[in-house]
Amino acid sequence: MTDTISSDRDAFVTACRDAIGAAHVLTEPNDTAPFLTDWRRRYTGAACAVLRPGTTQEVAAVLKLAYEHRVAIVPQGGNTGLAGGATPDVTGRQAVLSVARLNRVRALDPHNNTITVEAGVILAEVQRHARQADRLFPLSLAAEGSCTIGGNLATNAGGTGVLRYGNTRELCLGLEVVTPRGEIWDGLRALRKDNTGYDLRDLYIGAEGTLGVITAAVMKLHPLPAARVTALAALASPHAALEFLTLAQQCAGPLLTGYEIMSDFCLRLVGKHYPQLRYPFDQPHAQIVLLELSDTESEAHARTLFERMTEQALESGLVEDAVVAESLAQSRAFWDLREHIPLAQAEEGLNIKHDIAVPISRIGTFIEETDAAIAAAAPGARMVTFGHLGDGNLHYNVQAPEGGDARAFLAQYQAPLNRIVYDNVHRHQGTFSAEHGVGQLKVGELTHYKSDVEMNLMRAIKAALDPHGLMNPGKVLP
Ligand SMILES: Cc1cc2nc3c(=O)[nH]c(=O)nc-3n(C[C@H](O)[C@H](O)[C@H](O)COP(=O)(O)OP(=O)(O)OC[C@H]3O[C@@H](n4cnc5c(N)ncnc54)[C@H](O)[C@@H]3O)c2cc1C
């Protein structure tokens, strides 16, 4: 039986060579290694081959062969996902399908404000093409130089512009998908209105490659702002940061495109490991918020808005101190502080990460209650709390006590602290995965927190679209 299976796999690999060219079917360990370990180096798998089709038709040919030979397929884009979704299991029976060669921009329609791109186009390239046409593609995240638009869609990535422009889902109008049977669904519609039945596009977005392979997409573009100005505000608590968010939204409306929170400890960690990035205020403050305005009028207009809102907040005592960036370089330095937090955390040692969301109004209470529960369960644990406050999304991470053995800390506390955090998230009607997806990392949490009704509906969709379970098995659903 085992021999039959392995000879069928060999036949599959041989047939793939005929279908997409031997040069694009990788089997040598040196060639396949970069595709088999995830970005965080948490998972390493094996694969009978890494397949690199160059067109939608070639993807269809590969999936047809996989269907005939019953070989499971693991789609992969830039391999920057944080939940192990693009890594195959260890059996060597699965094949990785990289969309990297599907890298063409098919069309840009300035009047319709849309760009049609293949799944392997790197996010930064989509942004660049939009800018060249005097448009903004607002999806932005720290991995944008490596992640692909297909991966962004498959994980419904968030990033720093969600407050104003929404997640990747909100930026997508149409998709082209290859089904597990190898059929091509051309749903590349560039329409803002289309009420014609079930929304298949929304099924594939966020499915993490478990229902089909996304090969191209029509994405929305926005007007390029005339100026982007950032500011930092110092506050006493997350509650105050929440009140200031309301004030900022009243003053700036849709011009407010970023609202990120960073605790004092986050910035101290950054200062410790990246001393060139200085603490931005003379005195320490419990919470620092980074605000970004994307102004359609001018830089002067954005500054006036900032001055108005910070004056009001300083007078009422809501904000303790504030600084508006004087130049592009200073704006960049403010964002550098925010973006270096995960790097500083990694330098500090192993840590426990949570990418959670709760309704924005509950963030302050959630942090207070959960900090207290963690302090009681793991004395000395250091909280590294930062994130997209404007979206209710926190990176709520736990660092081992100063000078302690981080590996031993994780072995003892990871499971119980995860439970404390996720139970509190659940109590506040939040989610255990706000923007990183489920992948293989959080499959257990999915079954733990979703209701039977929701699990059964998800299983029914999976069974209907992928009856033989060939698309990214073991990811999202157990
Ligand atoms: C430094 C850093 C910062 C990050 N910041 C953010 C952030 O702010 N917000 C955020 O949301 N994420 C963030 N991420 C996570 C990651 O960048 C995103 O999830 C990204 O969208 C993944 O794209 P990718 O092309 O690398 O996908 P991959 O990692 O290759 O794949 C991710 C998942 O999508 C599936 N997939 C990939 N391509 C396709 C396709 N064409 N069709 C079907 N399924 C497919 C894979 O099977 C896998 O399940 C960050 C990652 C890093 C390393």
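Relevant structure appears above.
All of the points below concern the structure found in this document. (Residues numbered from 1 in each chain as written. Predicted model: local features only at pLDDT ≥ 70, side-chain atom pairs only at ≥ 80, totals over all residues. Heavy atoms only, no water.)

1. Quick word on the sheet that holds strand β5 (residues 105-109)
Ordered in space as β5-β6-β10-β8-β9, the five strands form an open sheet in which the pairing is antiparallel. The sheet terminates laterally at β5 and β9 (184-187), the two strands that pair on one side only. Direction aside, neighbouring strands of the sheet carry axes that sit 10° apart on average. Pairing between β5 and strand β6 (residues 114-118): four bridges, direction antiparallel. From the neighbouring strand, Asp109 faces β6, where its bridge partner is Thr114. The sheet contacts of helix α3 (residues 56-69) involve β5, β8 (172-178), β9 and β10 (213-220), and relative to β8 the element is tilted by about 45°. (Pairing = 2+ DSSP bridges. Helix = DSSP H or I, 4+ residues; strand = E, 2+ residues; numbered from the N terminus. Axes fitted to C-alpha atoms, helices over the stretch in contact; angles between N-to-C directions. Contact = heavy atoms within 4.5 Å.)

2. Focus on unusual backbone geometry
Non-glycine residue Asp134 carries a positive phi angle of around 65°. Tracing the backbone through its elements, the reader meets Asp134 in the loop between α4 (123-132) and β7 (135-136). Positive phi outside glycine occurs at Gln429, with the angle close to 55°. When you line up the elements, Gln429 lands in the loop between α14 (406-427) and α15 (443-449).

3. Here's the deal with the site of the ligand
Taken together, 34 residues sit near the ligand, with Pro75, Gly77, Thr80, Gly81 and Thr148 positioned nearest. Gly81 is positioned such that a nitrogen or oxygen atom in its backbone is 2.7 Å from an oxygen atom of the ligand. Here an oxygen atom of the ligand sits 2.7 Å away from a polar atom, N or O, in the side chain of Thr148. In isolation the ligand has 970 Å² of accessible area, and contact with the protein removes 93% of it. In terms of residue count, the dominant contributor to the shell around the ligand is helix α5 (residues 149-155) (five residues). Taken together, the residues of the shell around the ligand sort by class into 14 nonpolar, 18 polar and two charged. (Near = heavy atom within 4 Å. Polar contact = N/O pair within 3.5 Å; in protein donor to acceptor, adjacent residues only side chain to side chain. Areas by Shrake-Rupley, 256 points an atom, 1.4 Å probe, with all protein chains shown as cover. Nonpolar A, V, L, I, M, F, W, Y, C, P; charged D, E, K, R; others polar.)

4. A word on the environment of Glu260
Checked against the element boundaries, Glu260 lands in strand β13 (residues 256-263). Distance from Glu260 to Thr116, taken between C-alpha atoms, is 30 Å for residues 144 residues apart in sequence. Ignoring any residue separated from it by four or fewer positions in sequence, one finds Glu260 in contact with Thr160, Ile288, Val289, Leu290, Trp335, Arg338, Gly387, His388 and Leu389. At 2.7 Å, the side chain of Glu260 and the side chain of Arg338 are in polar contact.

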